Amino acid sequence: MKRLWDKDRPIDELILKYTAGNDFHLDERLIKYDIKSSIAHINMLKEMNLVKKDDCKKISEALKIIGKEHEKGEWKIELNQEDGHTALENHLVEKLGSLGGYIHLGRSRNDQVLAALRLYLKDISSIINEELINLVSKINILIDEQGEIEIPGYTHTQRGMPSSVKLWAEGYIAEFLDNAKSINNVISRADKNPLGSAAGYGTPGLNIDRDLTTKKLGFKSTHEPVTAVQLSRGKAEAEMIFELTMILGDLAKLASDIILFYSYEFSFLEIKKNITTGSSIMPQKNNPDVFELVRSAESIGIGALMEVLSISSKLISGYHRDLQRIKMPLFRSIDITLDSIKIMSHSITNISFKKEKIKLSDDMYTTEQANKLSLEKEIPFRDAYNIIAKKINEE
Ligand code: ARG
(Lines give C-alpha, C1' and ligand atoms only; values in the text may rest on other atoms or scores of the structure.)
Protein backbone atom coordinates (compact mmCIF):
# COMPACT_ATOMS: atom_id res chain seq x y z
CA MET A 1 0.00 0.00 0.00
CA LYS A 2 1.51 3.31 -0.99
CA ARG A 3 -0.95 6.01 0.03
CA LEU A 4 -2.83 6.07 3.33
CA TRP A 5 -6.13 6.15 1.50
CA ASP A 6 -5.33 3.48 -1.11
CA LYS A 7 -8.12 0.97 -1.61
CA ASP A 8 -8.06 -1.88 -4.07
CA ARG A 9 -7.77 0.14 -7.28
CA PRO A 10 -4.65 1.67 -8.76
CA ILE A 11 -4.49 5.44 -9.05
CA ASP A 12 -4.09 7.07 -12.44
CA GLU A 13 -0.41 8.03 -12.53
CA LEU A 14 -1.05 11.43 -14.11
CA ILE A 15 -3.54 12.31 -11.38
CA LEU A 16 -1.06 11.28 -8.71
CA LYS A 17 1.70 13.34 -10.32
CA TYR A 18 -0.48 16.43 -10.61
CA THR A 19 -2.14 16.22 -7.18
CA ALA A 20 1.08 15.48 -5.31
CA GLY A 21 2.88 18.12 -7.36
CA ASN A 22 6.10 18.98 -5.57
CA ASP A 23 4.50 18.41 -2.18
CA PHE A 24 6.61 15.35 -1.54
CA HIS A 25 9.67 17.51 -2.03
CA LEU A 26 8.37 20.47 0.01
CA ASP A 27 7.42 18.23 2.94
CA GLU A 28 11.06 17.29 3.41
CA ARG A 29 11.50 20.33 5.66
CA LEU A 30 8.43 19.44 7.70
CA ILE A 31 9.39 15.82 8.51
CA LYS A 32 11.31 16.81 11.63
CA TYR A 33 8.26 18.67 12.96
CA ASP A 34 5.83 15.97 11.88
CA ILE A 35 7.87 13.46 13.89
CA LYS A 36 7.88 15.72 16.93
CA SER A 37 4.13 16.15 16.81
CA SER A 38 3.58 12.44 16.10
CA ILE A 39 5.51 11.54 19.25
CA ALA A 40 3.39 13.99 21.26
CA HIS A 41 0.24 12.55 19.69
CA ILE A 42 1.03 8.89 20.44
CA ASN A 43 1.95 9.75 24.03
CA MET A 44 -1.32 11.60 24.45
CA LEU A 45 -3.17 8.50 23.15
CA LYS A 46 -1.29 6.41 25.71
CA GLU A 47 -2.17 8.77 28.55
CA MET A 48 -5.82 8.57 27.51
CA ASN A 49 -5.54 4.74 27.53
CA LEU A 50 -6.26 4.59 23.82
CA VAL A 51 -2.91 2.96 23.03
CA LYS A 52 -1.05 0.48 25.22
CA LYS A 53 2.01 1.73 27.09
CA ASP A 54 4.29 -0.79 25.40
CA ASP A 55 2.99 0.00 21.94
CA CYS A 56 3.43 3.72 22.54
CA LYS A 57 7.03 3.11 23.57
CA LYS A 58 7.72 1.08 20.42
CA ILE A 59 6.07 3.68 18.20
CA SER A 60 7.85 6.64 19.86
CA GLU A 61 11.21 4.93 19.57
CA ALA A 62 10.65 3.95 15.96
CA LEU A 63 9.66 7.54 15.18
CA LYS A 64 12.87 8.82 16.72
CA ILE A 65 14.91 6.35 14.66
CA ILE A 66 13.02 7.30 11.49
CA GLY A 67 13.80 10.95 12.29
CA LYS A 68 17.51 10.23 12.69
CA GLU A 69 17.56 8.25 9.45
CA HIS A 70 15.90 11.15 7.67
CA GLU A 71 18.37 13.60 9.15
CA LYS A 72 21.22 11.49 7.83
CA GLY A 73 19.63 11.52 4.40
CA GLU A 74 18.92 7.79 4.47
CA TRP A 75 15.42 8.25 3.12
CA LYS A 76 13.47 10.84 1.21
CA ILE A 77 9.79 11.23 0.56
CA GLU A 78 8.84 9.67 -2.76
CA LEU A 79 6.28 10.86 -5.26
CA ASN A 80 4.21 7.71 -4.94
CA GLN A 81 3.90 8.36 -1.20
CA GLU A 82 2.25 11.67 -2.07
CA ASP A 83 3.42 13.58 1.01
CA GLY A 84 5.55 13.50 4.15
CA HIS A 85 2.74 12.35 6.42
CA THR A 86 2.22 9.26 4.30
CA ALA A 87 5.94 8.57 4.08
CA LEU A 88 6.17 8.74 7.85
CA GLU A 89 3.36 6.29 8.49
CA ASN A 90 4.68 3.95 5.79
CA HIS A 91 8.10 3.93 7.44
CA LEU A 92 6.52 3.23 10.80
CA VAL A 93 4.60 0.29 9.37
CA GLU A 94 7.76 -0.98 7.66
CA LYS A 95 9.50 -0.98 11.03
CA LEU A 96 6.70 -2.16 13.31
CA GLY A 97 4.21 -3.90 11.08
CA SER A 98 0.54 -3.06 11.44
CA LEU A 99 1.18 -1.66 14.95
CA GLY A 100 2.49 1.45 13.21
CA GLY A 101 -1.05 2.16 12.03
CA TYR A 102 -1.99 3.24 15.59
CA ILE A 103 -0.29 6.56 14.90
CA HIS A 104 -3.26 7.68 12.84
CA LEU A 105 -5.83 7.06 15.57
CA GLY A 106 -7.49 10.39 16.27
CA ARG A 107 -5.71 12.39 13.63
CA SER A 108 -5.87 13.35 9.98
CA ARG A 109 -3.25 14.73 7.63
CA ASN A 110 -5.28 17.96 7.80
CA ASP A 111 -4.36 18.68 11.42
CA GLN A 112 -1.00 16.96 11.02
CA VAL A 113 0.21 19.34 8.31
CA LEU A 114 -0.84 22.38 10.34
CA ALA A 115 0.92 21.14 13.47
CA ALA A 116 4.14 20.60 11.51
CA LEU A 117 3.84 23.94 9.72
CA ARG A 118 3.25 25.86 12.94
CA LEU A 119 6.18 24.24 14.72
CA TYR A 120 8.30 25.05 11.67
CA LEU A 121 7.11 28.69 11.62
CA LYS A 122 7.99 29.09 15.29
CA ASP A 123 11.49 27.73 14.66
CA ILE A 124 12.12 29.69 11.49
CA SER A 125 11.03 32.95 13.16
CA SER A 126 13.86 32.72 15.63
CA ILE A 127 16.31 31.96 12.81
CA ILE A 128 15.10 35.06 10.93
CA ASN A 129 15.47 37.08 14.12
CA GLU A 130 19.04 35.88 14.57
CA GLU A 131 19.92 36.76 10.98
CA LEU A 132 18.45 40.25 11.40
CA ILE A 133 20.48 40.78 14.56
CA ASN A 134 23.59 39.66 12.68
CA LEU A 135 22.82 42.12 9.86
CA VAL A 136 22.41 44.91 12.42
CA SER A 137 25.82 44.07 13.89
CA LYS A 138 27.36 44.32 10.41
CA ILE A 139 25.72 47.71 9.80
CA ASN A 140 27.12 48.80 13.15
CA ILE A 141 30.62 47.93 11.94
CA LEU A 142 30.02 50.24 8.96
CA ILE A 143 28.89 52.97 11.37
CA ASP A 144 31.94 52.49 13.61
CA GLU A 145 34.31 52.75 10.68
CA GLN A 146 32.62 55.32 8.43
CA GLY A 147 29.73 56.80 10.42
CA GLU A 148 31.21 60.29 10.67
CA ILE A 149 31.32 60.83 6.90
CA GLU A 150 28.75 63.43 5.89
CA ILE A 151 26.37 62.62 3.05
CA PRO A 152 23.38 64.55 1.68
CA GLY A 153 19.93 63.62 2.94
CA TYR A 154 17.57 63.31 -0.02
CA THR A 155 13.87 63.89 -0.51
CA HIS A 156 12.40 63.42 -4.00
CA THR A 157 15.92 62.26 -4.96
CA GLN A 158 16.93 65.92 -4.51
CA ARG A 159 19.48 67.15 -2.03
CA GLY A 160 17.63 68.21 1.13
CA MET A 161 19.66 68.49 4.31
CA PRO A 162 22.99 67.29 5.60
CA SER A 163 23.02 63.73 6.86
CA SER A 164 25.78 61.24 7.62
CA VAL A 165 26.59 57.61 7.05
CA LYS A 166 25.71 57.08 10.72
CA LEU A 167 22.29 58.71 10.46
CA TRP A 168 21.55 56.96 7.18
CA ALA A 169 22.57 53.54 8.49
CA GLU A 170 20.88 53.95 11.87
CA GLY A 171 17.52 54.33 10.13
CA TYR A 172 17.95 50.87 8.62
CA ILE A 173 19.04 49.41 11.94
CA ALA A 174 15.92 50.73 13.65
CA GLU A 175 13.68 49.27 10.96
CA PHE A 176 15.39 45.88 10.91
CA LEU A 177 15.01 45.66 14.70
CA ASP A 178 11.36 46.64 14.39
CA ASN A 179 10.88 43.95 11.75
CA ALA A 180 12.47 41.41 14.06
CA LYS A 181 9.96 42.33 16.75
CA SER A 182 6.99 42.12 14.37
CA ILE A 183 7.83 38.54 13.44
CA ASN A 184 6.56 37.70 16.93
CA ASN A 185 3.03 38.62 15.85
CA VAL A 186 3.18 35.66 13.50
CA ILE A 187 4.06 33.45 16.41
CA SER A 188 0.94 34.41 18.32
CA ARG A 189 -1.23 33.15 15.44
CA ALA A 190 0.88 30.04 14.93
CA ASP A 191 1.03 29.25 18.65
CA LYS A 192 -2.27 27.35 18.74
CA ASN A 193 -2.31 23.57 18.70
CA PRO A 194 -4.34 22.20 15.78
CA LEU A 195 -3.90 18.54 16.77
CA GLY A 196 -7.08 16.70 17.63
CA SER A 197 -9.16 18.73 15.21
CA ALA A 198 -8.33 15.87 12.81
CA ALA A 199 -10.00 16.35 9.45
CA GLY A 200 -11.65 19.49 10.84
CA TYR A 201 -14.47 18.09 12.97
CA GLY A 202 -12.77 16.35 15.87
CA THR A 203 -12.52 12.65 16.73
CA PRO A 204 -15.97 11.12 17.26
CA GLY A 205 -15.99 8.08 19.53
CA LEU A 206 -12.56 8.83 20.97
CA ASN A 207 -11.87 10.49 24.29
CA ILE A 208 -8.73 12.43 23.49
CA ASP A 209 -7.24 15.34 25.43
CA ARG A 210 -6.11 18.05 23.05
CA ASP A 211 -4.57 20.09 25.85
CA LEU A 212 -2.07 17.31 26.48
CA THR A 213 -0.48 17.67 23.03
CA THR A 214 -0.65 21.45 23.45
CA LYS A 215 1.55 21.13 26.55
CA LYS A 216 3.86 18.51 25.08
CA LEU A 217 4.54 20.59 21.97
CA GLY A 218 4.86 23.91 23.80
CA PHE A 219 1.94 25.58 22.04
CA LYS A 220 0.44 28.47 23.97
CA SER A 221 -3.13 27.26 23.61
CA THR A 222 -5.32 24.64 21.99
CA HIS A 223 -6.95 25.86 18.78
CA GLU A 224 -10.67 25.76 19.55
CA PRO A 225 -13.22 24.93 18.37
CA VAL A 226 -12.08 22.24 15.97
CA THR A 227 -13.85 23.97 13.07
CA ALA A 228 -11.65 27.07 13.47
CA VAL A 229 -8.51 25.15 12.58
CA GLN A 230 -9.04 24.74 8.84
CA LEU A 231 -10.53 28.24 8.62
CA SER A 232 -7.18 29.50 9.88
CA ARG A 233 -4.99 27.69 7.36
CA GLY A 234 -3.05 30.27 5.44
CA LYS A 235 -3.43 33.06 8.00
CA ALA A 236 -0.21 32.60 9.96
CA GLU A 237 1.45 31.85 6.64
CA ALA A 238 0.17 35.10 5.09
CA GLU A 239 1.16 37.04 8.19
CA MET A 240 4.63 35.52 8.02
CA ILE A 241 5.01 36.42 4.34
CA PHE A 242 3.76 39.95 5.06
CA GLU A 243 6.44 40.39 7.72
CA LEU A 244 9.06 38.88 5.42
CA THR A 245 8.02 41.33 2.73
CA MET A 246 8.54 44.21 5.17
CA ILE A 247 12.09 42.94 5.72
CA LEU A 248 12.62 42.51 1.98
CA GLY A 249 11.29 46.05 1.49
CA ASP A 250 13.90 47.53 3.80
CA LEU A 251 16.61 45.41 2.22
CA ALA A 252 15.48 46.66 -1.20
CA LYS A 253 15.73 50.31 -0.13
CA LEU A 254 19.15 49.72 1.34
CA ALA A 255 20.23 47.99 -1.88
CA SER A 256 18.77 50.82 -3.99
CA ASP A 257 20.67 53.43 -1.98
CA ILE A 258 23.91 51.55 -2.46
CA ILE A 259 23.30 51.10 -6.20
CA LEU A 260 22.61 54.81 -6.61
CA PHE A 261 25.56 55.91 -4.47
CA TYR A 262 27.81 53.51 -6.42
CA SER A 263 26.87 54.93 -9.84
CA TYR A 264 29.65 56.86 -11.57
CA GLU A 265 27.58 60.06 -11.43
CA PHE A 266 27.21 59.84 -7.65
CA SER A 267 30.50 58.10 -6.83
CA PHE A 268 29.74 58.29 -3.11
CA LEU A 269 31.05 54.85 -2.46
CA GLU A 270 33.20 52.01 -3.68
CA ILE A 271 32.16 48.38 -3.64
CA LYS A 272 34.94 45.86 -3.18
CA LYS A 273 35.65 44.39 -6.61
CA ASN A 274 35.28 40.79 -5.53
CA ILE A 275 31.61 41.25 -4.68
CA THR A 276 30.83 42.88 -8.03
CA THR A 277 30.18 41.01 -11.24
CA GLY A 278 31.32 41.66 -14.79
CA SER A 279 29.85 42.16 -18.24
CA SER A 280 30.32 39.72 -21.09
CA ILE A 281 30.75 42.57 -23.58
CA MET A 282 31.98 45.64 -21.67
CA PRO A 283 35.36 44.86 -20.16
CA GLN A 284 35.37 47.84 -17.80
CA LYS A 285 32.22 46.90 -15.86
CA ASN A 286 32.05 46.04 -12.14
CA ASN A 287 28.36 45.66 -11.58
CA PRO A 288 26.43 45.70 -8.28
CA ASP A 289 24.36 42.63 -9.26
CA VAL A 290 24.16 41.34 -5.72
CA PHE A 291 22.34 44.51 -4.61
CA GLU A 292 20.08 44.43 -7.66
CA LEU A 293 19.00 40.90 -6.84
CA VAL A 294 18.39 41.84 -3.21
CA ARG A 295 16.30 44.77 -4.49
CA SER A 296 14.14 42.50 -6.64
CA ALA A 297 13.60 39.92 -3.88
CA GLU A 298 10.90 42.18 -2.45
CA SER A 299 8.75 41.46 -5.50
CA ILE A 300 8.99 37.75 -4.82
CA GLY A 301 7.63 38.39 -1.32
CA ILE A 302 4.77 40.55 -2.61
CA GLY A 303 3.89 37.90 -5.21
CA ALA A 304 3.96 35.14 -2.60
CA LEU A 305 1.67 37.12 -0.32
CA MET A 306 -0.85 37.58 -3.13
CA GLU A 307 -0.61 33.88 -3.93
CA VAL A 308 -1.33 32.78 -0.38
CA LEU A 309 -4.15 35.26 0.18
CA SER A 310 -5.88 34.28 -3.02
CA ILE A 311 -5.45 30.51 -2.63
CA SER A 312 -7.36 30.56 0.65
CA SER A 313 -9.93 33.17 -0.33
CA LYS A 314 -13.54 32.30 -1.16
CA LEU A 315 -13.27 28.65 -0.19
CA ILE A 316 -16.05 27.25 1.93
CA SER A 317 -15.16 26.17 5.46
CA GLY A 318 -13.27 22.91 6.05
CA TYR A 319 -10.23 21.44 4.34
CA HIS A 320 -9.60 21.70 0.61
CA ARG A 321 -6.67 20.41 -1.37
CA ASP A 322 -6.19 23.98 -2.69
CA LEU A 323 -4.56 24.73 0.66
CA GLN A 324 -1.63 22.48 -0.14
CA ARG A 325 -0.45 25.11 -2.63
CA ILE A 326 0.20 27.57 0.23
CA LYS A 327 3.38 25.76 1.19
CA MET A 328 5.27 26.67 -1.97
CA PRO A 329 5.01 30.50 -1.74
CA LEU A 330 5.57 30.27 2.03
CA PHE A 331 8.81 28.32 1.73
CA ARG A 332 9.91 30.37 -1.28
CA SER A 333 9.52 33.63 0.59
CA ILE A 334 11.20 32.30 3.74
CA ASP A 335 14.18 31.06 1.71
CA ILE A 336 14.61 34.21 -0.33
CA THR A 337 14.35 36.38 2.79
CA LEU A 338 16.95 34.40 4.71
CA ASP A 339 19.27 34.31 1.68
CA SER A 340 18.85 38.04 1.13
CA ILE A 341 19.48 39.00 4.76
CA LYS A 342 22.58 36.80 4.78
CA ILE A 343 24.00 38.17 1.54
CA MET A 344 23.36 41.74 2.69
CA SER A 345 25.22 40.99 5.95
CA HIS A 346 28.05 39.61 3.85
CA SER A 347 28.12 42.57 1.46
CA ILE A 348 27.43 45.62 3.61
CA THR A 349 30.92 45.69 5.12
CA ASN A 350 32.38 45.60 1.62
CA ILE A 351 31.33 49.13 0.80
CA SER A 352 33.41 52.18 1.58
CA PHE A 353 32.17 55.72 1.35
CA LYS A 354 34.51 58.10 -0.49
CA LYS A 355 34.66 61.15 1.75
CA GLU A 356 36.57 63.20 -0.81
CA LYS A 357 33.90 62.70 -3.47
CA ILE A 358 30.92 63.73 -1.36
CA LYS A 359 30.26 67.47 -1.36
CA LEU A 360 27.53 69.10 0.66
CA SER A 361 26.34 72.38 -0.89
CA ASP A 362 25.40 75.58 0.97
CA ASP A 363 21.73 75.35 -0.03
CA MET A 364 21.45 72.24 2.14
CA TYR A 365 21.85 74.39 5.27
CA THR A 366 18.88 76.67 4.59
CA THR A 367 16.47 74.72 6.82
CA GLU A 368 18.96 75.08 9.66
CA GLN A 369 19.24 78.81 8.91
CA ALA A 370 15.45 79.25 8.96
CA ASN A 371 15.19 77.32 12.25
CA LYS A 372 17.87 79.47 13.86
CA LEU A 373 16.38 82.69 12.52
CA SER A 374 12.98 81.76 13.94
CA LEU A 375 14.54 81.19 17.37
CA GLU A 376 16.84 84.22 17.35
CA LYS A 377 14.30 86.74 16.08
CA GLU A 378 11.40 85.13 17.94
CA ILE A 379 9.38 85.02 14.73
CA PRO A 380 7.14 82.21 13.42
CA PHE A 381 8.98 79.58 11.38
CA ARG A 382 6.96 80.53 8.27
CA ASP A 383 8.24 84.11 8.45
CA ALA A 384 11.82 82.93 8.87
CA TYR A 385 11.33 80.49 5.99
CA ASN A 386 10.07 83.31 3.76
CA ILE A 387 13.02 85.57 4.65
CA ILE A 388 15.52 82.81 3.73
CA ALA A 389 13.57 81.87 0.58
CA LYS A 390 13.61 85.49 -0.57
CA LYS A 391 17.35 85.67 -0.01
CA ILE A 392 17.89 82.54 -2.08
CA ASN A 393 15.70 83.97 -4.85
CA GLU A 394 17.76 87.13 -4.99
CA GLU A 395 21.07 85.28 -5.24
N1 ARG B 1 -0.37 17.75 1.54
C2 ARG B 1 -1.60 18.11 2.11
C3 ARG B 1 -1.64 19.62 2.38
O4 ARG B 1 -0.62 20.22 2.50
C5 ARG B 1 -1.77 17.37 3.39
C6 ARG B 1 -3.20 17.20 3.77
C7 ARG B 1 -3.87 16.25 2.85
N8 ARG B 1 -5.22 16.03 3.24
C9 ARG B 1 -6.11 15.49 2.41
N10 ARG B 1 -7.27 15.34 2.91
N11 ARG B 1 -5.83 15.18 1.19
O12 ARG B 1 -2.71 20.17 2.45
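A few points about the site of the ligand
Then comes step 1: Close to the ligand lie Asp23, Asp83, His85, Arg109, Asn110, Val113, Arg233, Tyr319, Gln324 and Lys327, which account for all nearby residues.
Then comes step 2: In this structure, a nitrogen atom belonging to the ligand sits 2.6 Å away from a side-chain N or O atom of aspartate 23.
Then comes step 3: Within the side chain of arginine 109, a nitrogen or oxygen atom sits 3.4 Å from a nitrogen atom of the ligand.
Then comes step 4: When the ligand sits alone it has 340 Å² of accessible area, and the protein chains cover 87% of it.
Then comes step 5: Considering each element in turn, the shell around the ligand owes the most residues, 3 residues, to helix H6 (residues 109–146).
Then comes step 6: Class assignment of the residues belonging to the shell around the ligand gives a composition of 2 nonpolar, 3 polar and 5 charged.

Considering the packing of aromatic side chains
Any aromatic ring pair is given by two values, namely how distant the centres are and how the planes are angled relative to each other.
Then comes step 1: Here the structure, examined in full by the defined rule, presents 12 aromatic pairs.
Then comes step 2: Measuring from centroid to centroid gives 5.5 Å for tryptophan 168 and phenylalanine 353, while their planes differ by 75 degrees, and the two rings are edge-to-face. Here tryptophan 168, found in helix H7 (residues 165–190), pairs with phenylalanine 353, found in strand E6 (residues 351–353); they are 185 residues apart in sequence, far enough to count as distant. By the burial criterion, tryptophan 168 is buried, and phenylalanine 353 matches it.

Concerning helix H1 (residues 13–20)
Then comes step 1: Where H1 begins, the side chain of aspartate 12 points an oxygen toward the backbone nitrogen of leucine 14, at a separation of 2.8 Å.
Then comes step 2: Count one or two residues on from H1 and you reach glycine 21, which has phi positive near 50 degrees.

Criteria and thresholds
- Note on numbering: residues in each chain are counted from 1, in written sequence order.
- Confidence filtering applies because this is a predicted model: local features only for residues at pLDDT of at least 70, side-chain atom pairs given and counted only at 80 or more, and all residues used for totals across whole chains, interfaces and linings.
- Computation of side-chain values: all heavy atoms of the structure, hydrogens and water removed.
- Proximity criterion: a residue is near a molecule or strand once any of its heavy atoms comes within 4 Å of it.
- Under this definition, polar contacts are N or O atom pairs within 3.5 Å; protein pairs additionally need one hydrogen-donor-capable and one acceptor-capable atom, and for neighbouring residues in sequence, both atoms have to be side-chain atoms.
- Note on areas: these come from Shrake-Rupley sampling with a 1.4 Å probe, and a residue is covered only by the protein chains present in the view.
- In this text, helices come from DSSP runs of H or I with a minimum length of four residues, and strands from runs of E with a minimum of two, each type numbered from the N-terminal end.
- Residue polarity is assigned by list, with Asp, Glu, Lys and Arg as charged and Ala, Val, Leu, Ile, Met, Phe, Trp, Tyr, Cys and Pro as nonpolar; anything else, Gly included, falls into the polar class.
- Each Phe, Tyr or Trp ring (for Trp, its six-membered ring) is paired with any other whose centre lies within 6.5 Å, and the angle between the two planes then decides the class: stacked below 30 degrees, edge-to-face above 60, tilted in between.
- Each residue is placed in one exposure class: buried if its accessible area under a 1.4 Å probe, protein chains only, is under 20% of its type's maximum, exposed if it is over 50%, and partly exposed if it falls in between.

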